[in-house]
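Residue-level structure breakdown
Here is what each chain is made of, one letter per residue.
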Amino acid sequence: MGGDAGIPVKLLYEAEGMKVTIEMKNGEIYRGMLITAEDTMNMTLSDVVRTARNGQVSKCPSVYLRGGSVRFIALPDLLKNAPVFKKIITLKKKSGSG
């Protein structure tokens, strides 16, 4: 994990090992277990269900998605309590904002 990665990327790293839903710019939707994520938001998913733009559903054992083609990532609600958010709150309290 890169030390200078932004908060969205750090949150994506926190989601490794969890089920995520990825909507691509071309309208395809992928839902599966996030195996790896990169600073570029490229990611590998396993046990994937792919929904094409026409609604056709197919299953894939694994897929590699390019971060530049991602429109939206739905992460589990569990990540509301992710350590990266606690660091932000601490920093805001120290700076006097928030």
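Overview of the structure.

About the cut-offs
Residues numbered from 1 in each chain as written. Predicted model: local features only at pLDDT ≥ 70, side-chain atom pairs only at ≥ 80, totals over all residues. Heavy atoms only, no water. Core = buried A, V, L, I, M, F, W, Y, C linked by side-chain atoms within 4.5 Å. Buried < 20%, exposed > 50% of the residue type's maximum accessible area, 1.4 Å probe, protein only. Helix = DSSP H or I, 4+ residues; strand = E, 2+ residues; numbered from the N terminus. Contact = heavy atoms within 4.5 Å. Pairing = 2+ DSSP bridges. Polar contact = N/O pair within 3.5 Å; in protein donor to acceptor, adjacent residues only side chain to side chain. Axes fitted to C-alpha atoms, helices over the stretch in contact; angles between N-to-C directions.

What follows deals with the nonpolar core. The tendency in soluble globular proteins is for nonpolar side chains to be buried as a group. Ranked by size, the top nonpolar core spans 20 residues in total, and within it I22, Y30, L34, M43, L45 and L65 carry the most contacts. The set of elements that each furnish at least two residues to this core consists of helix 1 (7-14), strand 1 (19-24), strand 2 (29-37), strand 3 (43-51) and strand 4 (57-65). Of all the elements, helix 1 adds the most residues to this core, at four residues. With near-sequence residues (within four places) excluded, I22 lies in contact with E28, I29, Y30, M43, L45, L65, V70, F72 and I73.

This paragraph deals with the pairing of strand 3. As paired elements, strand 2 and strand 3 share seven bridges and run antiparallel to each other. Pairing of Y30 across the sheet is with R50, part of strand 3. Where strand 3 meets strand 4, eight bridges bridge the pair, whose relative direction is antiparallel. The residue of strand 4 that forms the bridge with V48 is C60. Adjacent in sequence and paired antiparallel, strand 3 and strand 4 are bridged by five residues, among which G55 carries a positive phi angle near 95°.

Quick look at the side chain of N42 now. The topology assignment puts N42 in the loop between strand 2 and strand 3. Reaching out from N42, the side chain makes a polar contact with the side chain of Y64 at a distance of 3.1 Å.

Attention now goes to the environment of P8. Tracing the sequence through the fold places P8 in helix 1. Remark: the alpha-carbon pair of P8 and M41, spanning 33 residues in sequence, is separated by 9.1 Å.

The sheet built from five strands is open, its strands ordered 4-3-2-1-5 with antiparallel pairing. Each end of this open sheet is capped by a strand with a single partner; those strands are strand 4 and strand 5 (70-74). The sheet shows a mean angle of 30° between the axes of neighbouring strands, taken without regard to direction.

You will see that M41, though not glycine, has its phi angle at about 70°, which is positive. With respect to the helices and strands, M41 occurs in the loop between strand 2 and strand 3. Exposure remark for M41: the relative accessible area of 24% places this residue in the partly exposed category.

Of note, T40 is situated in the loop between strand 2 and strand 3. Sequence separation between T40 and G67 is 27 residues, and the spatial gap between their C-alpha atoms is 5.8 Å. In this structure the side chain of T40 is engaged in a polar contact, spanning 3.1 Å, whose partner is the side chain of N42.

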